[in-house]
Amino acid sequence: MTDQHRPVYMDAVLTPNASLSPRAFAIVMGLVGIFSFAAGILYLTIGAWPVFGFFGLDALAIWFAFRLSFRSQDQQTRVLVDREFMHLSHSQRGKPDKSAKLPTAFVRVELDEPATHMSWLRIEHGSRVFVIGRFLTPEERSSFATALRAALNRARRERYPAPV
């Protein structure tokens, strides 16, 4: 994105934390399947045969919920700050990639303090607002906002040095 002669003040890739590894998912689903089958057989032996099918539906619903969760985790946001621009790009499987190139001189980093789960990390430029890091914890958002502000200040100081 930048020349090799331009310093990069920040190059961060934000990705959500994985809830389960593929092996852990297989173990959890195996346990759910075994429990559902065993409980279904128990109800089948006492004559409540429709319950057996509902246990299967429950296991299928749990599997489907995990698959949706894994799909939402397959995203990343890249933030690159050089002397002149902040480059934002966001990619998520199944959706078109989004990107923006904003001048460092006019970019603001906003985060409501104290950071809570409802306070979003916003990159503002004029009337355009970009919300990034929705999947970060409040502490991670606050830490990233501080680091991003510092990177922008360093980029601005190089581009607009103080008069001597």
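Structural data are supplied above this passage.
Per chain, residue numbering runs from 1 following the sequence as it is written. In keeping with the predicted nature of the model, local features appear solely for residues at pLDDT of at least 70, side-chain atom pairs appear and are counted solely at 80 or more, and the whole-chain, interface and lining totals rest on all residues. With hydrogens and water stripped out, all remaining heavy atoms of the structure feed into the side-chain values.

The next point concerns the overall build of the protein chain. For helices the rule is a DSSP run of H or I covering at least 4 residues; for strands it is a run of E covering at least 2, with both sets numbered from the N terminus onward. Of regular secondary structure, the protein chain possesses three helices and seven strands. Its helices and strands in sequence order give the protein chain the pattern β-α-α-β-β-β-β-β-β-α, from N to C terminus. Since a compact globule built from 164 residues should have a radius of gyration of about 15 Å, the 24 Å found for the protein chain marks it as more spread out than a globular shape. Principal axes of the C-alpha set define a box for the protein chain whose edges measure 90 × 35 × 25 Å. Radius of gyration here is computed from C-alpha atoms only, and the compact-globule reference equals 2.2 Å multiplied by the residue count raised to the power 0.38.

Here, the term nonpolar core denotes a set of buried Ala, Val, Leu, Ile, Met, Phe, Trp, Tyr and Cys residues that are joined through side-chain atoms within 4.5 Å. Relative accessibility under 20% of the residue-type maximum defines a buried residue, over 50% an exposed one, and the middle range a partly exposed one, all with a 1.4 Å probe and only protein chains included. Residues Met10, Val79, Val81, Met86, Ile123, Phe144 and Leu148 are the most contacted members of the largest nonpolar core, which totals 23 residues. Secondary structure elements with two or more residues in this core: strand E1 (8-14), strand E2 (75-82), strand E3 (85-92), strand E4 (98-103), strand E6 (121-125) and helix H3 (138-159). Here this core takes six residues from H3, the largest share from any one element. In what follows, residue pairs with any heavy atoms lying within 4.5 Å of each other are defined as contacts. The residues contacting Ile123, other than those within four sequence positions of it, are Met86, Leu88, Leu102, Val107, Arg108, Val109, Arg128, Val129, Phe130, Ile132 and Leu148.

A few words now on the pairing of strand E7 (residues 128-132). In this analysis, strands are considered paired if DSSP registers two or more bridges between them. Here E6 pairs with E7 via five bridges, running antiparallel. Each bridged residue has a counterpart across the sheet, and for His125 the counterpart in E7 is Arg128. What sits between the antiparallel neighbours E6 and E7 is a turn of two residues, in which Gly126 has the positive phi angle 60 degrees.

So, on to the sheet that holds strand E5 (residues 108-110). Taking strand neighbours across the sheet as the criterion, the three strands line up as E5-E6-E7 in an open arrangement whose pairing is antiparallel. In this open sheet, the two strands that pair with only one neighbour each are E5 and E7. Between one strand axis and the next, the sheet turns through 25 degrees on average, direction left out of account. Packing against the sheet, H3 makes contact with E5, E6 and E7, and its axis sits at approximately 165 degrees to E5. To obtain each axis, a line is fitted to C-alpha atoms, and for helices this fit is confined to the stretch in contact; angles are then taken between N-to-C directions over 0 to 180 degrees.

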